[in-house]
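Fold and geometry: a report
Each chain is listed here by its residues.
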Amino acid sequence: MHFLKPGEVRYETYERSLKPHLSEWLQVLSDILAGGPAQHPLDRVCFGYINSFELEPDGFDLSRYFRLSVGVGAETARAGLGALNVTFRVTPGPNCDVKSSLLVEADPLSGKVSVRTKVVGELRGLHFSFLDQADIHAATAEAKRAAKRSFFDLTTDETRELMGVKYADLE
């Protein structure tokens, strides 16, 4: 479910911003796909964050905003590095993966450094039907916690302050 996009209401919390809409969709799916997990299985749940922001190019230092070490050869840097795209996956627990992506590029129109992070937590190996709404919500909350922990591991305090992250608790 892709929900909050630029120009829409700002994400507050899962419980207030997304859970009511997810419940409505699950009810529709339950009505349409009546039957147990054998008939219409739900075997994975994902939850992700995508954040975009711009930074001034003067003195830009990736390590100031992200806990990530990336080496770029001197010849490439002198030629004018136009973009950096890094993706990695961690496995914080059984049947759980978190995929994180960081895209940093020069925006030729604004002259600023454009940054986009994408962090998606995924729980696999589930045996739910769409009727199992409480279990689906619990699994979604677990995937959310895994994604949030990875996001906080990737970003610095300065980045989170810049982005206006209000709900810094990981639970």
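Residues numbered from 1 in each chain as written. Predicted model: local features only at pLDDT ≥ 70, side-chain atom pairs only at ≥ 80, totals over all residues. Heavy atoms only, no water.

1. So, the overall build of the protein
Helix and strand counts for the protein stand at five helices and four strands. Secondary structure elements of the protein, listed N to C terminal, follow the sequence α-β-α-α-β-β-β-α-α. Out of the 171 residues belonging to the protein, those deemed buried represent 35%. Here the contacts in the protein between residues at least 6 apart in sequence split such that 62% fall between residues at least 24 apart. Of the roughly 10,600 Å² of accessible surface on the protein, 53% is carried by carbon and sulfur atoms. (Helix = DSSP H or I, 4+ residues; strand = E, 2+ residues; numbered from the N terminus. Buried < 20%, exposed > 50% of the residue type's maximum accessible area, 1.4 Å probe, protein only. Contact = heavy atoms within 4.5 Å. Areas by Shrake-Rupley, 256 points an atom, 1.4 Å probe, with all protein chains shown as cover.)

2. Quick notes on the side chain of Thr159
Tracing the backbone through its elements, the reader meets Thr159 in helix H5 (residues 157-163). Contact partners of Thr159, with chain neighbours within four places excluded, come to Phe53, Tyr65 and Phe66.

3. Concerning the environment of Thr159
According to the relative accessible area criterion, Thr159 is buried, its value standing at 0%. Sequence separation between Thr159 and Phe53 is 106 residues; the distance between their C-alpha atoms is 9.7 Å. A distance of 2.4 Å separates the side chain of Thr159 from the backbone oxygen of Tyr65, its partner in a polar contact. (Polar contact = N/O pair within 3.5 Å; in protein donor to acceptor, adjacent residues only side chain to side chain.)

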